[in-house]
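Secondary and tertiary structure notes
As a plain string of letters, each chain reads:
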Amino acid sequence: LDDTLAWRPEGPVTVRDFLADALATSRVLPPGDWVLNLCENRYSFAVVFAACLLAGKTSLQPASQTNQTLLKLGQDYSGVFYVADGPHDLVGLPRMDYPDLSTMERPLVNDIPGLPGNRLVAILFTSGSTGLPQPHGKTWGKLVLNGRAEAQALGLLNTGTVLVGTVPVQHSYGFESTFLLALHGGCSFWSGKPFYPQDVIDALQAVPRPRRLVTTPYHLSA
């Protein structure tokens, strides 16, 4: 509980504080089984994802965030709402603003909650480059195994490595290689999503060693 899970400009966030934020957020989520988590800040995304786990909701994570794609999900998944920490405005879908946790009562956390391994917790979608985007359901147990396996394969398991990602956390690559590596691999993550070279340098300098940059060849070449 006292391990560091995330780093924000204000400093480190422990697992205990993260769970308190997630529990507080879970209590204010709207009704509905399906959630579009559009939070740009990686920590905000993580809090909403965990809040949905605790509230029994399933996160929808499309590869594209165009209005057309998101509204199509609204048609296919009845009752879906979206959570955003930025200027997203999807006409036709109910919105929840990421809550101001500093004004909310946050519970005391004394243990890490468990979840059934066979529970569907997320649906990730292909890009649709070869047709319609295809959904891929992810159970909690599979996400745990994936996160630990990647951490072990990369030699990062329980090393305390800080992950700075330039990739969106909603996409499968960013989801697995920043969020899941921290959640299940003993790493931690930087809350931002730096884009320009100086932003990347500043983010890396804001976190302690050991640290790793999670990015793409396309981004680096640009």
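Residues numbered from 1 in each chain as written. Predicted model: local features only at pLDDT ≥ 70, side-chain atom pairs only at ≥ 80, totals over all residues. Heavy atoms only, no water.

Time to look at the overall build of the protein. The number of helices and strands found in the protein is seven helices and eleven strands. A total of 222 residues make up the protein; the buried ones form 44% of that total. For the protein, contacts bridging at least 24 residues in sequence account for 69% of all contacts bridging at least 6. Surface summary for the protein: the accessible area is close to 11,100 Å², and the carbon and sulfur share equals 54%. When the 16 positive and 18 negative side-chain charges of the protein are each reduced to one mean point, those points stand 6 Å apart. (Helix = DSSP H or I, 4+ residues; strand = E, 2+ residues; numbered from the N terminus. Buried < 20%, exposed > 50% of the residue type's maximum accessible area, 1.4 Å probe, protein only. Contact = heavy atoms within 4.5 Å. Areas by Shrake-Rupley, 256 points an atom, 1.4 Å probe, with all protein chains shown as cover. Lys, Arg positive; Asp, Glu negative; His and termini not counted. Charge placed at Lys NZ, Arg CZ, Asp CG, Glu CD.)

Grouped together as the largest cluster of nonpolar side chains are 39 residues, with contacts concentrated most on Phe18, Tyr43, Phe49, Phe175, Phe179 and Phe189. Looking at this core, the elements with two or more residues in it are strand S1 (4–8), helix H1 (15–26), helix H2 (42–55), strand S5 (81–84), strand S7 (120–125), helix H4 (140–153) and helix H5 (172–185). With ten residues, H2 is the largest single contributor of residues to this core. Aside from chain neighbours lying at most four places away, what touches Phe179 is Phe45, Ala46, Phe49, Val169, Gly174 and Phe189. Ranked by size, the runner-up nonpolar core spans twelve residues in total, among them Leu38, Leu60, Val80 and Tyr82. (Core = buried A, V, L, I, M, F, W, Y, C linked by side-chain atoms within 4.5 Å.)

Evaluated as defined, the whole model comprises zero disulfides. Here Cys52 stays free of any disulfide, with the sulfur of Cys39 as its closest cysteine sulfur at 9.5 Å. Judged by relative accessible area, which is 1%, Cys52 ranks as buried. (Disulfide = S-S within 2.5 Å.)

The next subject is the pairing of S1. Across four bridges, S1 lies against strand S2 (residues 11–14) in antiparallel orientation. In the sheet register, Trp7 faces S2, and the bridge partner there is Pro12. Hairpin connection from S1 to S2: two residues lie between these consecutive antiparallel strands. With two bridges connecting them, S1 and strand S10 (residues 188–190) associate as parallel partners. Note that in S10 the partner of Trp7 across the bridge is Trp190. (Pairing = 2+ DSSP bridges.)

So, on to the sheet that holds S10. Taking strand neighbours across the sheet as the criterion, the five strands line up as S2-S1-S10-S9-S11 in an open arrangement whose pairing is mixed. At either margin of the open sheet sits one strand with a lone partner, and together these are S2 and strand S11 (211–214). Across the sheet, the mean angle separating the axes of adjacent strands is 25 degrees when strand polarity is ignored. The sheet contacts of H1 involve S1 and S2, and relative to S2 the element is tilted by about 70 degrees. (Axes fitted to C-alpha atoms, helices over the stretch in contact; angles between N-to-C directions.)

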